[in-house]
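Descriptive analysis of the structure
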Amino acid sequence: MSHNSAPKTYKVKSFGCQMNVYDGERMAELLADQGMTAAPEGADADLVVLNTCHIREKAVDRVYSDIGRLKRDDGSVPLIAVAGCVAQAEGEEIMARAPSVKMVVGPQAYHRLPDMVRDAAAGRPSTDTDMPAATKFAHLPARRRTGASAFLTVQEGCDKFCTYCVVPYTRGAEVSRPYADLIDEAARLVDSGAREITLLGQNVNAWTGEDAKGRKVGLDGLIRALAALPDLARIRYTTSHPNDMTMALIEAHASVPKLMPFLHLPVQAGSDRVLKAMNRSHTVESYLRILEQVRAVRPDIALSGDFIVGFPGETDAEFDETVRLVETVGYAQCFSFKYSPRLGTPAAAMGDQIAPEVMDERLQRLQAALNRTQLAFNQASVGKSCEVLVERRGKLPGQWLGKSPWLQSVHFFADVTLGDVVDVTLIEAGPNSLSGRPTMQMVA
Ligand code: SAM
Ligand code: SF4
């Protein structure tokens, strides 16, 4: 395709967090609104949007290798846009290093993508990494078709400045989307088939807004309002910060049946000295106290977290404290990462960076501990009956995959359809999924 013709097909490839998945869906909707169609799986597209993640170093390398791979056999390239946090942080460098990239658009500016595509097709490359507070949402088209489970970004940005993290620089300050907009978007998602909505934010539990009567509400208030949507079966939220975990939100886990018994509450490390150096502003004890409070109101809650191993200066003994914390909590699932120095963050300039082989060994030990707690959690679920939301077909004929209330993947054979909520007895547990047998009584 010559860059003088308008692209007819597009592909949006999202990397990294769920918020990027949400942004990727919204960009696809914008392009579809311009009359473009999604390129079929495996086919070339006229326009490719790489919606990138900047949280770890490898993610950036991956973007460059992905750009290289877009070159076709005849040497031509599609129109390439780099979006997301790498675009925000390294926009100019990308344009210089990869001349085939014609558009660089940050996470707060992607509502401008259609204009940028028009310009790029006319031979005018452009960069937009402005960070106006939350205005992009006002420019996005109404939500379209969705699966049984949908994401809804309610809050963006972060004011916490953990010393290792680029998010406050790439996503900007904490901003909450208005209550009425969120109720409206959620209703549209439900109208187009969503049975579950996961509320997203870098610090989702920092969300605040004003309800229809002008009263200040927190995330618990938003959850209660969404629970009133009759066809919405389930509500989840992620990612929460321990410091924003209010009693009202904890209490919602007891009093809102549609709020699923799952809490993703990253702790990062099990040593108070390391937490302080990370600027986490919580201690191991204050973190454990929150978990106790949640378990007191919702004893079956499944707990999840994020961990970083090999933060600068982390000693063997401090790392052992992280493993002990994992065993104490008994997480149902977790994300764990090797510390990756990010240019411009305070931790990148700290002395005593940990050797890669030490990080490797620590990550292996931590993941072994997490796998043990995850398997134990799954095994303890065997014999329980629960509702499963049917999300997709399995690999075998007649097999379906869905999620338990505790966010476990459950596979089973039944005569159901996508979006059904089915009563299932969990019969066998593996480390990453369970098999179930439906009671054949449809719940919804
Ligand atoms: N705001 C959330 C919180 O603090 O819990 C997390 C958002 S962050 C995008 C997701 C996770 O990436 C963090 O919880 C942390 O474990 C990990 N992460 C962030 N910066 C990192 C770094 N420089 N190296 C390794 N992992 C990192
Ligand atoms: Fe990053 Fe910390 Fe903000 Fe999470 S709370 S996004 S880890 S700075």
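Below: a short report on this structure. (Residues numbered from 1 in each chain as written. Chains lettered and ligands numbered in written order. Predicted model: local features only at pLDDT ≥ 70, side-chain atom pairs only at ≥ 80, totals over all residues. Heavy atoms only, no water.)

1. Points about the overall build of the protein chain
As a reminder of what qualifies: Strands are runs of DSSP state E lasting at least two residues, helices are runs of H or I lasting at least four, and both sets are numbered from the N terminus onward. Throughout, the radius of gyration refers to the C-alpha atoms, and the reference size of a globule is 2.2 Å times the residue count to the power 0.38. Each residue is assigned to one of three classes by its accessible area relative to the maximum for its type, calculated with a 1.4 Å probe on protein chains only: buried under 20%, partly exposed between the two thresholds, exposed over 50%. Throughout, a residue-residue contact means that at least one pair of heavy atoms, one from each residue, lies within 4.5 Å. The Shrake-Rupley method, run with a 1.4 Å probe, gives the accessible areas here. Residue values count only the displayed protein chains as cover.
Scanning the protein chain from N- to C-terminus turns up twelve helices and 21 strands. On C-alpha atoms alone, the protein chain measures out to a radius of gyration of 22 Å, which is about the 22 Å that the 2.2 N^0.38 rule sets for 444 residues. Based on the C-alpha atoms only, the size of the protein chain along its principal axes is roughly 60 × 55 × 50 Å. When each of the 444 residues of the protein chain is scored for burial, the buried share is 54%. Pairs at least 24 apart in sequence give 70% of the contacts found in the protein chain among residues at least 6 apart. For the protein chain, the accessible area works out to roughly 19200 Å², and carbon and sulfur atoms hold 52% of it.

2. Re the nonpolar core
The line we're drawing: For the purposes of this section, nonpolar cores are sets of buried Ala, Val, Leu, Ile, Met, Phe, Trp, Tyr and Cys residues that join through side-chain atoms within 4.5 Å.
Within the largest apolar cluster, 93 residues are counted, with the highest numbers of intra-cluster contacts made by Leu 199, Leu 219, Tyr 237 and Tyr 331. Tallying contributions element by element places helix 1 (residues 18-33) first for this core, with six residues. Among all residues touching Leu 219, those that are not within four sequence positions of it are Val 154, Leu 199, Val 204, Asn 205, Trp 207, Tyr 237 and Leu 249. Formed by 19 residues, the second largest nonpolar core is a distinct cluster that contains Phe 15, Cys 53, Val 63 and Leu 70.

3. Notes on the site of ligand 1
Basically, it comes down to this: A molecule or strand has a residue near it when one of that residue's heavy atoms lies within 4 Å. In protein, a polar contact means a hydrogen-donor-capable atom and an acceptor-capable atom, both N or O and within 3.5 Å, with residues adjacent in sequence counting only if both atoms are side-chain atoms; elsewhere, any N or O pair within 3.5 Å suffices. Side-chain classes follow a simple rule in which Ala, Val, Leu, Ile, Met, Phe, Trp, Tyr, Cys and Pro form the nonpolar group, Asp, Glu, Lys and Arg form the charged group, and the remainder, Gly included, forms the polar group.
The local shell around ligand 1 holds 18 residues, among which Gln 202, Pro 266, Gln 268, Asp 306 and Ser 340 are the closest. The separation between a nitrogen atom of ligand 1 and a polar main-chain atom of Gln 202 is 2.7 Å. A distance of 2.6 Å separates an oxygen atom of ligand 1 from a polar atom in the side chain of Asp 306. Protein coverage of the free-state accessible area of ligand 1, which is 570 Å², stands at 91%. Mapped by element, the contributors of at least two residues to the shell around ligand 1 are strand 15 (302-309) and strand 16 (333-338). Taken together, the residues of the shell around ligand 1 sort by class into seven nonpolar, six polar and five charged.

4. What about the pairing of strand 7 (residues 149-153)?
For the record, the criterion: Pairing between strands requires that DSSP locate at least two bridges from one strand to the other.
Judged by how many residues are buried, strand 7 sits mostly within the fold: four of five residues are covered. The pairing of strand 7 with strand 10 (residues 196-200) spans five bridges and is classified as parallel. Residue pairing in the sheet places Phe 151 in a bridge with Thr 198 of strand 10.

5. Side note on the site of ligand 2
Close to ligand 2 lie Cys 158, Lys 160, Phe 161, Cys 162, Tyr 164, Cys 165, Val 167, Pro 168, Asn 203, His 241 and Arg 280, which account for all nearby residues. Its residues assigned to classes, the shell around ligand 2 shows seven nonpolar, two polar and two charged.

6. So, the pattern of salt bridges
The test is simple: We count a salt bridge whenever a side-chain nitrogen from Lys or Arg sits within 4 Å of a carboxyl oxygen from Asp or Glu.
Under the definition given, this model contains 32 salt bridges. Close ionic contact of Asp 66 with Arg 69 constitutes a salt bridge, the shortest N to O distance being 2.8 Å. With Asp 66 and Arg 69 both in helix 2 (residues 57-69) and three residues apart, this pair spans about one turn of that helix. Linking Arg 236 and Glu 196 is a salt bridge whose minimum nitrogen-to-oxygen distance equals 3.1 Å.

7. Things to note about the packing of helix 7 (residues 219-227) against helix 8 (residues 247-255)
The test is simple: Comment: axis = line fitted to C-alpha atoms, over the contacting stretch for helices; angle = value between 0 and 180 degrees taken between N-to-C directions. When describing relative orientation, an angle under 35 degrees is termed roughly parallel and one over 145 degrees roughly antiparallel, while 65 to 115 degrees is termed roughly perpendicular and anything else oblique.
Close contact between helix 7 and helix 8 brings their axes to 8 Å; oriented N to C, the two are set at 25°. In this view, helix 7 runs roughly parallel relative to helix 8, as classed from their interaxial angle. Mapping the contact onto sequence places Leu 219, Asp 220, Ile 223 and Arg 224 in helix 7 and Ala 248, Leu 249, Glu 251, Ala 252 and Ser 255 in helix 8.

8. A short note on the sheet that holds strand 5 (residues 101-105)
Taken in spatial order, the six strands line up as 2-1-3-4-5-6 in an open sheet, and their pairing is parallel. This sheet does not close on itself; its edge strands, each paired only once, are strand 2 (37-38) and strand 6 (126-128). Where strand 4 (residues 79-83) and strand 5 come together, four bridges link them in parallel fashion. Paired with Ile 80 across the strands is Val 101, a residue of strand 5. Helix 1 rests against strand 1 (9-14), strand 3 (47-52) and strand 4 of the sheet, and its axis sits at about 170° to strand 1. This element, helix 3 (residues 84-97), spans strand 3, strand 4, strand 5 and strand 6 of the sheet and lies at about 140° to strand 5.

9. A few points about the side chain of Ser 336
Assignment of secondary structure puts Ser 336 in strand 16. When neighbours within four sequence positions are excluded, Ser 336 is seen to be in contact with Phe 307, Leu 363, Leu 366, Gln 367 and Leu 370.

10. Some remarks on helix 8
Defined as follows: The arc in question is traced by the directions running from the helix axis to the C-beta atoms.
What helix 8 keeps buried is the set Leu 249, Ile 250, Ala 252 and His 253. Buried residues along helix 8 cover an arc of 150° about the axis, so they all sit on one side. Close packing links the buried residues of helix 8 with helix 7, strand 13 (234-238), strand 14 (262-264) and helix 10 (284-297).

11. Observations concerning the packing of aromatic side chains
Filter applied, for reference: Planes of paired rings set the category: under 30 degrees apart is stacked, over 60 is edge-to-face and the rest tilted, where pairs are Phe, Tyr or Trp rings (Trp by its six-membered ring) whose centres lie within 6.5 Å. Two conditions define a charge sitting above a ring: the NZ of Lys or the CZ of Arg must be within 6 Å of the ring centre, and it must be within 35 degrees of the ring normal.
Under the counting rule described, the total for this entry stands at four aromatic pairs. Considering the side-chain rings of Phe 161 and Tyr 169, the 5.6 Å spacing of their centres and the 75° angle between planes classify their relative orientation as edge-to-face. The interplanar angle of 85° and the centroid separation of 6.4 Å between the aromatic rings of Tyr 164 and Phe 311 together place this pair among those described as edge-to-face. A residue pair is termed long-range when its members are at least 10 positions apart, and Tyr 164 in the loop between strand 8 (155-156) and helix 5 (167-170) and Phe 311 in the loop between strand 15 and helix 11 (316-329) qualify at 147 residues. Given a relative accessible area of 9%, Tyr 164 falls into the buried group. On the accessibility criterion, Phe 311 (0% relative accessible area) is buried. Within the aromatic cluster, the residues linked to one another by ring pairs are Tyr 164, Phe 311 and Tyr 339. The ring of Tyr 64 is capped by Arg 97, whose NZ or CZ atom sits 3.7 Å from the centre of that ring. Taking the ring centre of Phe 137 as reference, the NZ or CZ of Arg 177 above it sits at 3.7 Å.

12. Remarks on the side chain of Glu 29
In this structure, Glu 29 sits in helix 1. There is a polar contact of 3.0 Å between the side chain of Glu 29 and the side chain of Arg 143. Excluding anything up to four places from it in sequence, Glu 29 contacts Pro 141, Ala 142, Arg 143 and Arg 144.

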